[in-house]
Protein chains: 2
Amino acid sequence: MDSQRYNYDDLYVHTRAAFKKMGCSQEDASTCANVLIAAELRGIPSHGIMRLKDYMLMWQKGRINTKPKVQIVHETPTTAVVDADQAFGAVAGTRAMRIAIKKAEKYGSAWISVRNSSHFGIAGYYSMMAMKKEMIGLSMTNANPLVAPTFSIDKLLGTNPVAVAIPAGKENPFVADFATSPIARGKLAIKEREGLEVPEGYVQSREGIPSTDPGIITRGGAIVPLGSDYAHGSHKGYSMAAIVDILSAVLSRANFGPFVPPQVPYLNQKEGAPGKGLGHFFGVMRIDGFQPADDFKAYMDQWIQTFKNARPAKDQGEVLVPGEPERRYEEKYRKNGIPVPDKVIADIKEVYEILELKFNL
Amino acid sequence: MDSQRYNYDDLYVHTRAAFKKMGCSQEDASTCANVLIAAELRGIPSHGIMRLKDYMLMWQKGRINTKPKVQIVHETPTTAVVDADQAFGAVAGTRAMRIAIKKAEKYGSAWISVRNSSHFGIAGYYSMMAMKKEMIGLSMTNANPLVAPTFSIDKLLGTNPVAVAIPAGKENPFVADFATSPIARGKLAIKEREGLEVPEGYVQSREGIPSTDPGIITRGGAIVPLGSDYAHGSHKGYSMAAIVDILSAVLSRANFGPFVPPQVPYLNQKEGAPGKGLGHFFGVMRIDGFQPADDFKAYMDQWIQTFKNARPAKDQGEVLVPGEPERRYEEKYRKNGIPVPDKVIADIKEVYEILELKFNL
């Protein structure tokens, strides 16, 4: 796919302008742009500005509220349910995380479940907000149902990601951000377009038989949970995805599992959905809630050094601490620009035409 | 292996007597016995009374303190580090979980990291303590290093289990309790004794090459993380095991990763260990911190019904909600007795002889 490099500021300013034209406040538009560009910088373009067009079409259909009243509907000193009032997920997520941080500043930790939200981009963005405040940050979200539980053919779970960010001292921080399935939807689509097979252990047929056809999930098949099959622990991946679903949606009364509203404009919400929108879950814990912050960071540095200095397996270059690959992308892309496929730029141009904005990338 | 059935009470009373003779208080002896017998009841004998002999030998070597002063060394309203003073893990875990429940009763949630502890049995025991108080319970522990991170040959992580227990209404509760590796150490040992191979995706050789030899981990090999290989997401399993290790040990200043003290009497602590004992992490959140408890339980019932009524894959009987297999064992074993191999009974008899107790099983 042809692509060109664009610098961070140009992409950010262009993306922010689109959100502003949809009716977002300056602050919310900045937030939405920030979250999408963060995905680009960290080498996760599937959650980057290629989403802008779908976001705009969702807004056009009235499924996103750009003037949301995001508010707490139930709380204790350290827990809350936040109703996002159909906001963009980035707006819901950052506001919920700010509430969590504020509660934790007072009480040591806080846990927020969010309903009535939508696609929130990369989970790691929110956990890193806490990390920058010397807190351990956790974020998760449920998502379009594509994954079948172990032993089932029904797509009842999303690829439900979990992100945990942990501050360090001199070392780069620990930032794990991973789906609870072996493969992401986007990567299957790419293989399908290229006419390629995938290894066994990613998808199954409509009967639940292992398959190597990446297109099978559009014909009744499903993605399998992390672990791939029961013998290799797929019930553990299923458990993780289920925990994400329950904390994000049952706690908040969002839609769970099979009822999660599709986050694409051409698919409608299922009839009889029991909850409100899509759900997220956020948590923060102050590191000085456990020991003096500097002591923690020094010990965390020792943990990181132990892992990054581990001996590599045969024919492997090095052992990576979670977050390191994304950090390297960010360093490179900030310096040399972010590669964006021409197709994505054409989509943004189209968004600009619809929104009657002057395109200048 | 020959085995006989024993009833719950007989096993419990015999196990408790052994702990009491080691110097545990009546309460602590009951706790330790409870945790071991709970594993038996739930069909996880690898964490049951077969551990008693090793526990006693560890105590004989002075590595367990049966009169521990388990205390908070640092805290906020909702966080704490607890030093377990070399207690049996069951004593450390139940006391820490009680502290968490008490804090959460006041503030909505609480999170405790424990150091200077030892093997704590099944993780699910502690998360279920919270569940019985209408709270979501989380428990995890680090463990003997047997697992190599993705791309590495060094055994830097344990099979680090995670347990999450969530109350329901009319339905049986959700209790996930799983290792972050595809296979447990105990199951590999059984295959090795039987001279059998294991599927690829469980273990690797000392060079990091996939292997089907279950004995290879005693000859420089390692267990791989959940996901089995990078293509199937082993970096996600590695991330999970790493999160467990950091929350259990870096937060509390226990020993992390490769420095976790062996929980068997014939292996000694590594030189230069940077922390204190082994670490655990516990968390609780009141369900009424998010919505009225009865509303939550009704919605959780709906979640559970959706999953247990899912259509099974070809040749599969049914779809299981996490915790259901263990619940069925418990129901059956409470009624018909718990099968215990003769070898384990002989070990207990030996423990009784050493402790000069009258064996009467």
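Thresholds applied
Residues numbered from 1 in each chain as written. Chains lettered and ligands numbered in written order. Predicted model: local features only at pLDDT ≥ 70, side-chain atom pairs only at ≥ 80, totals over all residues. Heavy atoms only, no water. Helix = DSSP H or I, 4+ residues; strand = E, 2+ residues; numbered from the N terminus. Rg over C-alpha atoms; globule rule 2.2 N^0.38 Å. Contact = heavy atoms within 4.5 Å. Areas by Shrake-Rupley, 256 points an atom, 1.4 Å probe, with all protein chains shown as cover. Lys, Arg positive; Asp, Glu negative; His and termini not counted. Charge placed at Lys NZ, Arg CZ, Asp CG, Glu CD. Buried area = accessible area lost by both parts, 1.4 Å probe. Salt bridge = Lys/Arg side-chain N within 4 Å of Asp/Glu carboxyl O. Polar contact = N/O pair within 3.5 Å; in protein donor to acceptor, adjacent residues only side chain to side chain. Nonpolar A, V, L, I, M, F, W, Y, C, P; charged D, E, K, R; others polar. Core = buried A, V, L, I, M, F, W, Y, C linked by side-chain atoms within 4.5 Å. Buried < 20%, exposed > 50% of the residue type's maximum accessible area, 1.4 Å probe, protein only. Domains from an automatic or database assignment. Pairing = 2+ DSSP bridges. Least-squares fit on C-alpha atoms with pLDDT ≥ 70 in both. Phe/Tyr/Trp six-rings, centres within 6.5 Å; stacked < 30°, edge-to-face > 60°. Lys NZ or Arg CZ within 6 Å of the ring centre and 35° of its normal.

## Side note on the overall build of chain A
(1) Moving on: Helix and strand counts for chain A come out as 10 helices and 12 strands.
(2) Moving on: Here the C-alpha radius of gyration of chain A, 20 Å, is about what a compact globule of 361 residues would show, namely 21 Å.
(3) Moving on: Each of the three principal axes of chain A carries a C-alpha extent, and together these read 50 × 50 × 45 Å.
(4) Moving on: The long-range fraction of contacts in chain A, counting pairs at least 24 apart against all pairs at least 6 apart in sequence, stands at 65%.
(5) Moving on: If you sum the accessible surface of chain A, you get close to 14100 Å²; carbon and sulfur atoms cover 49% of it.
(6) Moving on: In chain A, which carries 44 positive and 39 negative side-chain charges, the distance between the mean positions of the two groups comes to 4 Å.

## A word on the interface of chain A and chain B
When the parts of a complex come together, some accessible area is lost, and that lost area is often taken as the interface size.
(1) Moving on: Contacts between the two partners involve 93 residues from chain A, matched on the other side by 94 residues from chain B.
(2) Moving on: Summing the contributions of chain A and of chain B, the shared interface buries around 7400 Å²; its carbon and sulfur component is 68%.
(3) Moving on: Here chain A is connected to chain B by two salt bridges.
(4) Moving on: Between A:Asp154 and B:Arg311 there is a salt bridge, and its shortest N-O distance comes to 2.5 Å.
(5) Moving on: Inspection of the chain A/chain B interface yields 40 residue pairs in polar contact (both at pLDDT 80 or more).
(6) Moving on: If you list the elements that add at least two residues to the side of chain A that touches chain B, you get strand 2 (71-76), strand 3 (79-83), strand 4 (109-117), strand 6 (162-166), strand 7 (174-178), helix 7 (234-250), strand 11 (278-286) and helix 8 (293-308) of chain A.
(7) Moving on: Grouping the constituent residues of the side of chain A that touches chain B by class yields 54 nonpolar, 26 polar and 13 charged.

## As for the nonpolar core
(1) Moving on: Core analysis: the largest hydrophobic core is formed by 104 residues, its most contacted members being A:Phe174, A:Met300, A:Trp303, B:Phe174, B:Met300 and B:Trp303.
(2) Moving on: Beyond its immediate stretch of four places on either side in the chain, A:Trp303 contacts A:Phe174, A:Val321, B:Ala242, B:Asp245, B:Ile246, B:Val250 and B:Phe256.
(3) Moving on: Grouped together as the second largest cluster of nonpolar side chains are 60 residues, A:Leu41, A:Ala100, A:Ile345 and A:Val351 included.

## Comments concerning the domain arrangement of chain A
Residue and element names in this part refer to chain A.
(1) Moving on: In terms of domain boundaries, chain A breaks down into domain 1 (68-180 + 231-291) and domain 2 (183-223).
(2) Moving on: Contacts between the two partners involve seven residues from domain 1, matched on the other side by 11 residues from domain 2.
(3) Moving on: For the pairing of domain 1 and domain 2, the buried interface totals around 630 Å² over both sides, and the portion due to carbon and sulfur atoms is 56%.
(4) Moving on: The three residues of domain 1 that bury the most area against domain 2 are Leu146, Ile153 and Lys155, which together make up 66% of that side's buried surface.
(5) Moving on: On inspection of domain 1 and its partner domain 2, the count reaches zero salt bridges.
(6) Moving on: The residue inventory of the side of domain 1 that touches domain 2, partitioned by class, reads four nonpolar, two polar and one charged.

## With respect to the sheet that holds strand 10 (residues 222-223) of chain A
(1) Moving on: The three strands lie next to each other as 9-8-10 (chain A), forming an open sheet whose pairing is antiparallel. A strand with exactly one partner marks an edge of an open sheet, and here the two such strands are strand 9 (210-211) and strand 10 of chain A.

## Structural notes on the relation of the copies chain A and chain B
(1) Moving on: When chain A is fitted to chain B, the residual RMSD is 0.0 Å, and the transformation amounts to a turn of 180° plus an axial shift of 0.0 Å. Those values place the two copies in the arrangement expected of a two-fold rotation axis. Nearest to the rotation axis, the C-alpha of A:Gly227 is located 2.3 Å from it, this being the minimum over chain A.
(2) Moving on: In this assembly the copies share their binding face: 100% of the residues contributing to the interface of chain A also contribute to that of chain B.

## Comments concerning the packing of aromatic side chains
(1) Moving on: Under the definition given, this model contains 36 aromatic pairs over all chains.
(2) Moving on: Arranged with centres 5.5 Å apart and planes meeting at 70°, the rings of A:Tyr125 and A:Tyr126 form a pair that is edge-to-face. Of the two residues, A:Tyr125 and A:Tyr126, both sit in the buried class.
(3) Moving on: For the ring pair A:Phe174 and A:Trp303, a centre distance of 5.7 Å and an interplane angle of 80° mean the geometry is edge-to-face. Taken together, the positions of A:Phe174 in strand 7 and A:Trp303 in helix 8 put the pair 129 residues apart, joining distant regions of the chain. When sorted by exposure, A:Phe174 lands in the same class as A:Trp303, which is buried.
(4) Moving on: Ring-pair connections join several aromatic residues into one group, and the members of that group are A:Trp111, A:Phe281, B:Trp111 and B:Phe281.
(5) Moving on: Between the NZ or CZ atom of B:Arg253 and the centre of the ring of A:Tyr299, over which it lies, the distance is 4.4 Å.
(6) Moving on: Positioned over the ring face of B:Tyr8 is B:Arg334, at 4.8 Å from the centre of the ring.

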